[in-house]
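Survey of secondary and tertiary structure
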Amino acid sequence: MSGKAKDILKMDLYGLLDIDSTATTTEIKKAYRKKALTCHPDKNPDNPQAVELFHQLSQALEVLTDAAAKAAYDKICAAKKQAEERNRKLDDKRKKIKLDLEARERLAESQTQEEVQTRTLEEEIVRLREEGSRQLEEEQRLIREQIQREREAQQQQQTGGYTPASSRVEGSSNVTPKLKLKWKCKKDDETNGGYSQDVLFRLLQKYGDVLHVIVSSKKKGSALVEFATVRAAELAVKYERGLSENPLKISWLEGQPEVITSAAHSGQFMSTQGALTNERDYESVVMMKMRQAAERQKLIEQMQREDEEDGKS
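Because the structure is a prediction, the values reported are computed rather than measured. (Residues numbered from 1 in each chain as written. Predicted model: local features only at pLDDT ≥ 70, side-chain atom pairs only at ≥ 80, totals over all residues. Heavy atoms only, no water.)

1. Focus on the overall build of the protein
In plain terms, the rule: Here a strand is any run of E in DSSP of at least two residues, a helix any run of H or I of at least four, and the numbering for each starts at the N terminus. Only protein chains enter the accessibility calculation, which uses a 1.4 Å probe; a residue is then buried when its area is under 20% of its type maximum, exposed when over 50%, and partly exposed in between. A contact between two residues is defined here by any heavy atoms of the two lying within 4.5 Å. Only the protein chains shown count as cover for residues, and all accessible areas are computed by the Shrake-Rupley method using a 1.4 Å probe.
Regarding its fold elements, the protein presents 13 helices and six strands. Buried residues in the protein amount to 37% of all 313 residues. Across the protein, the fraction of contacts at a sequence separation of at least 24, relative to all contacts at a separation of at least 6, is 73%. Accessible surface for the protein amounts to roughly 19000 Å². Of this, 50% is attributable to carbon and sulfur atoms.

Right under this line is the structure:
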């Protein structure tokens, strides 16, 4: 049994979402959104338990909103409940009989059926990882948008209805946040250690918008990722561990924020608020987009140079 299937079977997916097994897809998504909002990494930056719960909720949504994966999961759960009920009804005499050959054969048959059912669930989980869960991606996008709206509303209250350009345009510095990812991978491993562009994208997008993921075509076990916001990159560095059987090593490449004291930050905010105008806000947005385009090109060129250097060595 794979580690992913084992982890899912240890959880009560319906209990995680506080729903019945008869819940519709709409009810499942509504329950996920309600719970995921409370433990989203953006709202709990220093709470690893919240990040883990968010990951478990995402797994529950993936499985329960996919008909084939849900059917496989429900079948295993039903078989376990039936086995527990049979064991409760066994009297002392029957318990002793279980030790004889007939009982051993029934047990072997039951284990074989469970293995088949478990393999079915494993196959559905692998398919979900390869194809990606549209339901999960859509729900996480909606959650990020709602959190952003809440932040903007809070900022407007604090500034009397005016939101400074520095708050509206995150990442307007010269460098967008970029991280370097490494993992173990043999040269002849066609699966690249279990990581592909899609797998990395799905692992990292829960922390915020991912602009680019570039997997090295020549250097096995290496990739670069560019986030839209510094906060998303910080959360990924702090909490993401990757696949349990082949963990990721994540380090900053560019855009790591400097530590600024609250007093200095407050003075900078007040001076900026007094000086900015609508025209300068517009210019800031235009300049930011130009810089981001240049940085993306720079990121691609840097990866190509590293590939060429690795090919020569």
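Next comes the rest of the account.
2. Focus on the pattern of salt bridges
Rules: By definition here, a salt bridge exists when the distance from a side-chain nitrogen of Lys or Arg to a carboxyl oxygen of Asp or Glu is within 4 Å.
The full count for this structure, using the stated rule, is 10 salt bridges. Glu150 is paired through a salt bridge with Lys43; the nearest N and O atoms lie 3.0 Å apart. Taken together, the residues span a long stretch of sequence, with Glu150 in helix 8 (residues 134–158) and Lys43 in the loop between helix 3 (25–39) and helix 4 (48–64) at a distance of 107 residues. Where Glu234 meets Arg231, a salt bridge forms, and the shortest distance between an N and an O atom there is 3.2 Å.

3. Describing unusual backbone geometry
In the Ramachandran plot, Asp18 falls in the positive-phi region, its phi being about 55° despite a non-glycine side chain. Within the secondary structure layout, Asp18 lies in the loop between helix 2 (13–17) and helix 3. Positive phi values are uncommon outside glycine, yet Asn192 reaches one of about 55°. Within the fold, Asn192 resides in the loop between strand 1 (178–182) and helix 10 (197–204). Judged by relative accessible area, Asn192 falls into the buried class, the value being 9%.

4. Brief notes about the sheet that holds strand 2 (residues 210–215)
Put simply, the test is: Strand pairing is defined by DSSP finding a minimum of two bridges between the two strands. A fitted line through C-alpha atoms represents every axis, and for helices the fit uses only the stretch in contact; the resulting angles, taken between N-to-C directions, go from 0 to 180 degrees.
In space, the four strands of this open sheet follow the order 2-3-1-6, with antiparallel pairing throughout. Every interior strand has two partners, whereas the edge strands, strand 2 and strand 6 (249–254), have only one. Across the sheet, the mean angle separating the axes of adjacent strands is 25° when strand polarity is ignored. One ladder, built from five bridges, connects strand 2 with strand 3 (residues 222–227); its direction is antiparallel. Of the residues in strand 3, the one forming a bridge with Val213 is Val225. Lying over the sheet, helix 10 contacts strand 1, strand 2 and strand 3, oriented at roughly 145° with respect to strand 2. Here helix 11 (residues 230–239) sits on the sheet in contact with strand 1, strand 3 and strand 6, set at roughly 150° to strand 6.

5. Describing the packing of aromatic side chains
Heads up, the rule is: Ring pairs shown here join Phe, Tyr and Trp side chains whose ring centres sit within 6.5 Å, with only the six-membered ring taken for Trp; geometry is labelled stacked below 30 degrees between planes, edge-to-face above 60, and tilted in between.
Scanning all chains against the criterion turns up two aromatic pairs. Judged by centre distance (6.2 Å) and plane angle (45°), the ring pair of Tyr14 and Tyr73 falls under tilted. Residue Tyr14 is located in helix 2, and its partner Tyr73 is located in helix 5 (residues 67–89); the two are separated by 59 residues in the primary sequence. Residue classification places Tyr14 among the buried positions, given a relative accessible area of 8%.

6. Describing helix 3
To be explicit about the condition: Expected helix span is taken as 1.5 Å per residue step, with the number of steps being one fewer than the number of residues.
Helix length check: helix 3 (15 residues) gives 21 Å between terminal C-alpha atoms against 21 Å at 1.5 Å per residue, within 8%. Taken together, the buried positions of helix 3 are Ile28, Ala31, Tyr32, Ala36, Leu37 and Cys39.

7. Remarks on the environment of Ser196
Tracing the sequence through the fold places Ser196 in the loop between strand 1 and helix 10. The spacing of Ser196 and Ala223 is 27 residues in sequence and 9.3 Å in space, taken between C-alpha atoms.

8. Remarks on the packing of helix 3 against helix 8
Keep this limit in mind: In these notes the angle categories are as follows: under 35 degrees is roughly parallel, over 145 is roughly antiparallel, 65 to 115 is roughly perpendicular, and the rest is oblique. By the definition used in this description, the sense in which the near helix is turned from the far one sets the handedness, with an anticlockwise turn below a right angle giving left-handed and a clockwise turn giving right-handed.
Where helix 3 contacts helix 8, the two axes come as close as 10 Å, and the packing angle between them is 40°. With respect to helix 8, the element helix 3 is oriented oblique. With respect to the hand of their crossing, helix 3 and helix 8 are arranged in right-handed fashion. Along the contact surface, helix 3 presents Thr25, Lys29, Tyr32, Arg33, Ala36 and Leu37, while helix 8 presents Gln135, Leu136, Glu139, Gln140, Leu142, Ile143, Gln146 and Ile147.

9. Things to note about the confidence of the model for the protein
Short version of the rule: Each residue carries a pLDDT score, the predictor's confidence in it, ranging from 0 to 100.
Of all residues in the protein, 76% have pLDDT values of 70 or greater, and the mean over the chain is 79. The spread of mean pLDDT over the elements of the protein runs between helix 9 (residues 165–168), the lowest at 41, and strand 1, the highest at 95. For the stretch residues 162–173, pLDDT sits under 50, and the model shows 26 contacts to residues farther than four places along the chain or on other chains. Of the regions scoring below 50 in pLDDT, residues 261–277 engages in nine contacts with residues more than four places distant in sequence or in other chains.

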